[in-house]
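For reference, the chains in residue letters:
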Amino acid sequence: MRKKIVWLLAGVMLLSAAAFGGCGKKEVTAESLVKEANENMEKAKSYIGDMDMQMSMNISSEGVAMDMDMGMKGTIEYTAEPEIFHMKGTMDMSLLGLSMDMDIYSQVEDDKAIVYMGMMDEWMKSETEVDESSMQEIYTIAGDGKDMTLAEETEKIDDREVYVLTTTITGEEFEEIMGVMESMTEGVGEMNWSNVQANVTMKIYKDTILPASVSIEMSDSGEGIESEGVSVKFNSISVVMNYTDFDSVDSITIPEEALAAHSVDNGDILGEEESILESEVFEAETKAQ
């Protein structure tokens with residue numbers, strides 16, 4: 001009898017330990033991960049990473065059609081106080097093999113964002129309304145996480161374990177993302193993105209519950225843009241942003257030559273960029289001769 005009582009008490013203790021231990025275990029879901037990642041990003045003082053945007057399109061005019069690829073990639077850094085975003089990289093165009101170095105700073109002051117853009121040793125300054133769909137906040141495309149699917153297995157990025165979440169976005173959500181590529185698409189007409197679908201993959205560091213990467217892939221928009229006799233159809237669009245380190249940037253200094261740049265309207269920036277592109281084209285054609 002004594003042995004039976006001992007075994008019974010031992011069993012009760014084991015079951016109790018298991019029950020109470022289970023109560024403290026937090027269930028990991030796509031929604032809980034996205035919520036915590038967004039909260040942690042709000043607390044982050046800074047981050048560094050890299051980005052890559054690629055577009056493949058078909059352009060036709062007067063019965064002549066050709067494919068063209070455009071891309072923008074570079075390193076990024078961001079500080080929350082003061083709120084400054086910096087990207088340094090290149091813009092490439094498959095047409096004539098053009099490649100231009102770009103240096104972009106954006107500083108938020110009140111409800112305005114002051115943007116400084118440097119290309120070919122020339123700086124331009126413009127002012128825009130603060131846009132919550134800006135590149136530094138692309139991780140918010142996950143929304144509240146309710147529509148995301150959490151993969152059963154984690155993956156690794158540089159020996160760090162990450163959760164993998166996926167979803168599909170349509171129409172208005174994708175149009176918000178396209179807003180961050182305004183300089184690459186402005187001036188070619190208005191496009192209806194309502195029928196577009198794009199696949200989104202978000203990876204979150206398991207140890208810190210902070211975004212590791214966000215990628216958006218769209219294939220064949222099925223839509224075209226008509227502007228001044230030129231038709232543009234997007235075959236594919238890819239946006240990838242990686243977050244590699246947090247709270248390691250003390251400050252970002254905007255160069256004096258950028259601060260001293262002349263101000264231009266957003267509409268005038270396109271004209272400035274076209275002039276620079278024309279110079280690059282002329283230079284490329286001269287070298288080819």
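From a predicted model like this one, the values you see are computed outputs, not experimental measurements. (Residues numbered from 1 in each chain as written. Predicted model: local features only at pLDDT ≥ 70, side-chain atom pairs only at ≥ 80, totals over all residues. Heavy atoms only, no water.)

## Looking at the nonpolar core
If you look at the biggest cluster of nonpolar residues, it comprises 58 residues, and the most contacted ones within it are Tyr47, Met57, Leu165, Tyr243 and Phe246. By residue number, the principal contributor to this core is strand S13 (residues 230–246), which donates 7 residues. (Core = buried A, V, L, I, M, F, W, Y, C linked by side-chain atoms within 4.5 Å. Buried < 20%, exposed > 50% of the residue type's maximum accessible area, 1.4 Å probe, protein only. Helix = DSSP H or I, 4+ residues; strand = E, 2+ residues; numbered from the N terminus.)

## With respect to the pairing of S13
Pairing of strand S1 (residues 46–61) with S13, which is carried by 15 bridges, proceeds in the antiparallel orientation. Within S13, the position partnered with Ile59 by the bridge is Val232. Bridge analysis of strand S11 (residues 211–219) against S13 gives 7 bridges, and the strand direction is antiparallel. Residue Ser219 lies in a different strand from S13, and its bridge partner there is Ser236. (Pairing = 2+ DSSP bridges.)

## Considerations on the side chain of Asn38
Note that Asn38 resides in helix H2 (residues 30–43). Looking at Asn38, the relative accessible area reads 19%, which means it is buried. When near neighbours in sequence (up to four residues on either side) are disregarded, Asn38 contacts Tyr139 and Gly143. (Contact = heavy atoms within 4.5 Å.)

## With respect to the pattern of salt bridges
This model, assessed by the stated rule, comprises 5 salt bridges. For Lys35, the salt bridge is made with Glu39, and the minimal N-O distance between the two is 2.7 Å. Taken together, the positions of Lys35 and Glu39, both in helix H2 and 4 residues apart, correspond to about one turn of that helix. Residue Lys35 is classed as exposed on the basis of its relative accessible area, which comes to 51%. Here Glu161 and Lys206 are joined by a salt bridge, their closest N and O atoms 3.8 Å apart. Taken together, the residues Glu161 in strand S9 (residues 160–170) and Lys206 in the loop between strand S10 (197–205) and S11 connect sequence positions 45 residues apart. Judged by relative accessible area, Glu161 falls into the partly exposed class, the value being 32%. (Salt bridge = Lys/Arg side-chain N within 4 Å of Asp/Glu carboxyl O.)

## Some details on H2
What sets the pattern is the α-helix's 3.6 residues per turn: residues three or four places apart point alike. For H2, which comprises 14 residues, the first-to-last C-alpha distance of 20 Å matches the rise-based estimate of 20 Å (1.5 Å per residue) to within 8%. Those residues of H2 lying buried are Ala30, Leu33, Val34, Ala37, Asn38, Asn40 and Met41. Viewed along the axis of H2, the buried residues span an arc of 165 degrees, placing them on a single side of the element. Residues of H2 that are exposed and angled more than 90 degrees away from the buried face: Lys35, Glu42 and Lys43. Close packing links the buried residues of H2 with S1, strand S7 (149–150), S9, S10, S11 and S13. (Expected span 1.5 Å × (residues − 1). Arc of directions from axis to C-beta.)

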